[in-house]
2 protein chains.
Amino acid sequence: MNYVVYGMASSGNCHKIKMALEHLRLPYQWRETNTLKDETRTPSFLAMNPNGKVPVLAVDQNTFLPESNAILWFLGEGTPLVPEDKFQRARVLQWMFFEQYSHETAIAVARYLRAFLKKHNDPRLPDLEKRGYAALGVMDRHLSEREYFVGDALSIADLALFAYTHKADEGGFDMAPYPAVRAWLERVAAAPGVSVMPSP
Amino acid sequence: MNYVVYGMASSGNCHKIKMALEHLRLPYQWRETNTLKDETRTPSFLAMNPNGKVPVLAVDQNTFLPESNAILWFLGEGTPLVPEDKFQRARVLQWMFFEQYSHETAIAVARYLRAFLKKHNDPRLPDLEKRGYAALGVMDRHLSEREYFVGDALSIADLALFAYTHKADEGGFDMAPYPAVRAWLERVAAAPGVSVMPSP
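Read on for an overview of the structure. (Residues numbered from 1 in each chain as written. Chains lettered and ligands numbered in written order. Predicted model: local features only at pLDDT ≥ 70, side-chain atom pairs only at ≥ 80, totals over all residues. Heavy atoms only, no water.)

Let's shift gears to the side chain of D158 of chain A. Its location among the elements puts D158 of chain A in helix α6 (residues 156-165). The buried charged residue D158 of chain A lacks any salt bridge partner; its closest oppositely charged side chain belongs to R187 of chain A, at an N-O distance of 7.4 Å. (Helix = DSSP H or I, 4+ residues; strand = E, 2+ residues; numbered from the N terminus. Buried < 20%, exposed > 50% of the residue type's maximum accessible area, 1.4 Å probe, protein only. Lys, Arg positive; Asp, Glu negative; His and termini not counted. Salt bridge = Lys/Arg side-chain N within 4 Å of Asp/Glu carboxyl O.)

Shown next as structure tokens:
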């Protein structure tokens, strides 16, 4: 059976999975699932993921894996997208936990408020922008000395961080002060299977 | 060289690392690092972790690994705390990303406001409580059918989720409606190396 992805095309967490599957040339079906219409709150969806979030990867008819970065690990382990060295593997996870805790919670949420909900004066935006710029600063310093986040090759850490970073402008972020991030975005964008995420 | 942990004893993210090291009987030194006194913002600390957060694991004098759940993976891979089966490994990561995204950001932040800052009327608390109870509900339904989060043995997913759940009361959470979580907390607490985290 091919993999089935339940995801929303304009969600960075979902776009990560599409890029990994296409990079690895794995056949899959995409089932568009609109979180804005509460399609992640139906009984059938909650049976796949009780946490009610996309993406979910259906590995077979009865086995469902949620959490975008866990799905990336599942697809990437055993391929060049996950290093074999034990410490480098932990480094990949370091950046993926950074992505979910310090980056997505600021940059993706600002994009959600501005680009999906059109709330350009939401009172949460100043704090989200402060935290988002801090995350971009951490990324820029790291990338000023290297081409990819871990080792010298594309990994799932790059795919995870590419997803919301290449659309950070939709969250109101000015990328001009981050030249190393911009150069890395171009590098990742040139990799097979990597694509631009649709806007809302 | 022994591992060195830079951490704050009353932080759940740091307590995870202490429990894993003690469960695995690995020798280590603990360097208490007080985030409330900005000890994670000094130049020497930022050289170890530009993101300015504890815990950090010093693997050797020049190699520093941040992000609690990446450290757990590094310590646990190759031991019974991380399953060998590829899909089960992804399941462990699924619950660890759930912990950092849906659980820690609600339950740990509520505990921080109430127990560290004594802000019992902070306007963020109602939303944090709603999200924290939702996370506890997801955990309780999952644990009602099994003894541990993944497979039938203790894994780093249990250690990650134990850290802030066993002190959720300090964040104002009533655990009475979650019998499966309470039974799991007792089960995990009985494992070698697992200990109660100090209160602030």
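Another aspect to go through is the sheet that holds strand β2 (residues 28-32) of chain A. Pairing is mixed in the open sheet, where four strands are placed in the order β2-β1-β3-β4 (chain A). Each end of this open sheet is capped by a strand with a single partner; those strands are β2 and β4 (63-66) of chain A. Within this sheet the neighbouring strands show an average axis-to-axis angle of 25 degrees, counted without direction. The pairing of strand β1 (residues 3-7) of chain A with β2 of chain A spans five bridges and is parallel. In the strand pairing of β2 of chain A, G7 of chain A is matched with E32 of chain A. Packing against the sheet, helix α3 (residues 68-76) of chain A makes contact with β1, β3 (56-60) and β4 of chain A, and its axis sits at approximately 120 degrees to β4 of chain A. Most of the contacts of helix α4 (residues 86-116) of chain B go to β4 of chain A, to which it runs at about 40 degrees, and overall it touches β3 and β4 of chain A. (Pairing = 2+ DSSP bridges. Axes fitted to C-alpha atoms, helices over the stretch in contact; angles between N-to-C directions. Contact = heavy atoms within 4.5 Å.)

Right, let's talk about the interface of chain B and chain A for a bit. Tallying the contact residues gives 31 residues for chain B and 31 residues for chain A. Summing the contributions of chain B and of chain A, the shared interface buries around 3100 Å²; its carbon and sulfur component is 68%. Interface area lost by chain B to chain A is led by K86, F97 and Y101 of chain B, which between them contribute 23%. Here chain B is connected to chain A by two salt bridges. Here E77 of chain B makes a salt bridge to R89 of chain A, at a shortest N to O gap of 2.7 Å. Elements with a contribution of two residues or more to the side of chain B that touches chain A: β4 (63-66), α3 (68-76), α4 and α5 (125-143) of chain B. Broken down by element, the residue count for the side of chain B that touches chain A peaks at 15 residues, all from α4 of chain B. When grouped by side-chain class, the residues that make up the side of chain B that touches chain A number 16 nonpolar, seven polar and eight charged. (Buried area = accessible area lost by both parts, 1.4 Å probe. Nonpolar A, V, L, I, M, F, W, Y, C, P; charged D, E, K, R; others polar.)

Once turned by 180 degrees and shifted 0.0 Å along the axis, chain B lies on chain A with an RMSD of 0.0 Å. The two molecules are tied by a two-fold rotation axis, judged by turn and shift. No C-alpha of chain B approaches the rotation axis more nearly than that of Y101 of chain B, which lies at 3.1 Å. Both copies present the same face, since 100% of the interface residues in chain B are matched by interface residues at the equivalent positions in chain A. (Least-squares fit on C-alpha atoms with pLDDT ≥ 70 in both.)

Let's shift gears to the side chain of E67 of chain B. Topologically, E67 of chain B is positioned in the loop between β4 and α3. Despite its burial, E67 of chain B pairs with no opposite charge, the nearest such side chain being K53 of chain B at 7.3 Å. With sequence-adjacent residues up to four places away left out, E67 of chain B is seen in contact with Q94, F97 and F98 of chain A together with N51, P55 and Q100 of chain B.

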